[in-house]
Amino acid sequence: MLKKMFTIFRRDAKVNTREFLTAYIMLAPVIFAIAINLIAPGINDTTVNLALVKGDDEQMVAYLEDFAKVDVFKDVAALEKRVGRRDDVFAIVPDGDDYYVLQQGNEVEGLEQYATMMLTFYQEGMRIEDSTAIIHSFDRTVPPLKKLLVNIFMMFSAIMGGMLIAINIIEEKEDRTIRAINLTPISRTAYIFAKSVIGITLPLYGSVVLVVFTGFRGIDWGQMMVLIVVSTLISILVGFTEGLKNETVMDAAGSVKMLFLPMAGAVAVAEMVGEKWQWVAYWVPFYWTYKGVDSVLTYNANWGTTLLYALFVVIISIVAYLILMPGIRKGLE
Amino acid sequence: MKLWYSFTKELKLSSKGFYFYIEILMAVIIITVLLVFIPENIKNISDEYLMLDMPAAVEEQFISPLLSQDLDGEIEIVALELDKEMMDVRLIESEDQRIYLIDNRDNLIALSKKDRPSASAYISGDDISKLTYEYYIQGYESERLQNLYMIIHIEDIMTIANLASNQKVVALDADYDHLNSRESALPALLTFNGSMMGLFIIAAYIFLDRQQGIIKAYAITASRVWQYLMSQVLVLMTVTTLTTFAILLAVMGFKANYLMVILLLLPSAFFFSSLGLWVASFFTNLTQAFGAIYFLMMAFMLPAIAYFIPSWEPLWIKFLPTYYLIQGFKESIIDNGDMGFVLLASGIYLGVGIITFLLANSRFEKTLTA
């Protein structure tokens, strides 16, 4: 049986290799990891962005650079032009002997307080050297946003894995090869599993590569693998349901699009919504994988909670499978 | 005329397809999620863990201004979990901040390590004006933020805060409106739901028609290939416009500037659909094209980060087409939005969209009928 299943997987792999898809699957997580590594430090490196007039007060520019990202511009008109652009930049504008803070007006509320505080520090002659404060660090180097991006890209891989299964099945249907399995010695269940292997490979390989290349090598790999493996259950369910239910790749593409919403919703609920509203996302398997992966990436996870989260995903997937089973069976007939 | 006929025929066909209803269902889901599950104003509440090691009188002096901001003016006793044990701590909760007062330094360190609060400090001293601050940071905080921690307590914090609040602040546009949490989510959602997915969907359309031999049939009809391609683009534009307007009307009512929305939406949908066509022209089926489309979609999602974190906007992100769409949608739904920006973005989408469409057409003319 295993040999037959492997033959089906080999056929999928061969078809997809022929069509350059494997190259994309192999390269994409590496490129995304590099992109995340490049993006994440930039997002984390400043408190606020400031703009000052060049040559007005060199000392102030040097002083403020300790607290904010500072750019200099040739005159006040240039400052106004810079502030007027779309991002959040505040200008410190000379006004006689004094200064004022110039903002566009649409910045995140309260952000201008950073600029007014920094200006006050400078005007009051406060120096870091005079500080008695002590900073103890836990020596964590991975910024939260990097963790968030890795987690989201991993979920994205799971959806795309499902999409790949769906496309493979629809193409089999269009080639009229799916009915032929009834005439072969392989069972339907084995066929289902074999067709899933290529779709499982994408999230498995993609997630591992992403985690390794983004520098999370020291995590508990056992816990991470449990979560990655259960997230492939989502890929299989999505792939089979969409693949067998839909007659064309067009419809499947539309249906998979709908999966992005619970995925985005699960992240939004976990990150932004208060404790009392968390139940809203309990039915979404992505919510549990997101929480589990987040704990593992923050080196906070323990086996108890990881297995519990994994169990929730398995239960939701079983319930979804039982609901969708008649459709899957019918699709195979 | 032939184009109109092709378009109406395609529209009728798609309205009978499953995909059309998925789009409507998707719009309904987005509306429900936004209106039911996302509060109008999500407050970003930060947590701070402090341990106050000082005489009771000094502690009272320290706590008093914090307590004046507390929601009910009273300290609450709550439990925090550490190593599976619950420990009682004092809580001062204001509208945007929760300050937990922890009585043991080891617990403060362990909890700060576990819970990663936005700030954590051990504060000691016998004189309120000469307190010593020891911060516990995670390690990923920027050097600039650490410098702020170092300097902020050199002088009395209340005096500095007063001086800072008296600084003159001038806004270039005082009438600028702020979007609430629900409305803020719209630009990114509309971009991904509509225009960007158009790229994927149109490729699927083309491959389907190619597989069913519809495209080859064009070789023997009076219609030209460009008319067929344009009819597909127009169908996508129609569906995108309908769903975008439905979502906007439900969430914003008549507050959005619909003229700006349509000025932005049509050229951008045209551009993304043309891009989808052009990408599709390099492949023979969706499995082949999947990698390229997947790649583009991931890259196109990056401007959403710049949208939600406005202090981060590197130059390269402006070369991604979704940047102008997200920012343009924001201008379209905000009061006194920047019409100049929307017109510029529309012009760019239209111009680049025409070029991309011509490129796609020339490739399809060579390959479709082959």
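Treat the numbers as computed from the prediction; the structure is a model and nothing was measured.

## With respect to the sheet that holds strand β3 (residues 89-95) of chain A
With mixed pairing, five strands are arranged side by side in an open sheet as β2(A)-β1(A)-β3(A)-β4(A)-β7(B). This sheet does not close on itself; its edge strands, each paired only once, are β2 (69-73) of chain A together with β7 (169-171) of chain B. Mean inter-strand twist for the sheet, computed between neighbouring axes without regard to direction, equals 30°. Note: β3(A) against strand β4 (residues 98-103) of chain A, five bridges, orientation antiparallel.

## Quick word on the domain arrangement of chain B
For chain B, the domain assignment lists domain 1 (2-39 + 180-367) and domain 2 (46-163). The straight-line distance from the C-alpha centre of domain 1 of chain B to that of domain 2 of chain B is 49 Å.

## Focus: the sheet that holds strand β3 (residues 85-93) of chain B
Reading across from one edge, β5(A)-β6(B)-β5(B)-β1(B)-β4(B)-β3(B)-β2(B) is the order of the seven strands in this open sheet, with mixed pairing throughout. Each having just a single partner strand, β5 (134-137) of chain A together with β2 (76-82) of chain B make up the two edges of the open sheet. Going from strand to strand, the sheet's axes swing by 30° on average, the running direction of each strand aside. Relative to strand β5 (residues 119-124) of chain B, strand β1 (residues 46-53) of chain B runs parallel, the two sharing six bridges. Counterpart to Tyr49(B) in the pairing with β5(B) is Ser120(B).

## With respect to the interface of chain A and chain B
Chain A puts 78 residues into the contact, and the matching count from chain B is 70 residues. Contributing elements (two or more residues each) for the side of chain A that touches chain B: α2 (21-44), α4 (76-83), β4, α5 (112-123), β5, α6 (144-174) and α9 (249-272) of chain A. Broken down by element, the side of chain A that touches chain B gets its largest block of residues, 11 residues, from α9(A). Here the residues of the side of chain A that touches chain B sort into 35 nonpolar, 25 polar and 18 charged. Bridge count for β4(A) against β7(B) is three bridges, and the pairing is parallel.

Cut-off values and rules
- Residues numbered from 1 in each chain as written.
- Chains lettered and ligands numbered in written order.
- Predicted model: local features only at pLDDT ≥ 70, side-chain atom pairs only at ≥ 80, totals over all residues.
- Pairing = 2+ DSSP bridges.
- Helix = DSSP H or I, 4+ residues; strand = E, 2+ residues; numbered from the N terminus.
- Axes fitted to C-alpha atoms, helices over the stretch in contact; angles between N-to-C directions.
- Domains from an automatic or database assignment.
- Contact = placed C-beta atoms within 7 Å.
- Nonpolar A, V, L, I, M, F, W, Y, C, P; charged D, E, K, R; others polar.

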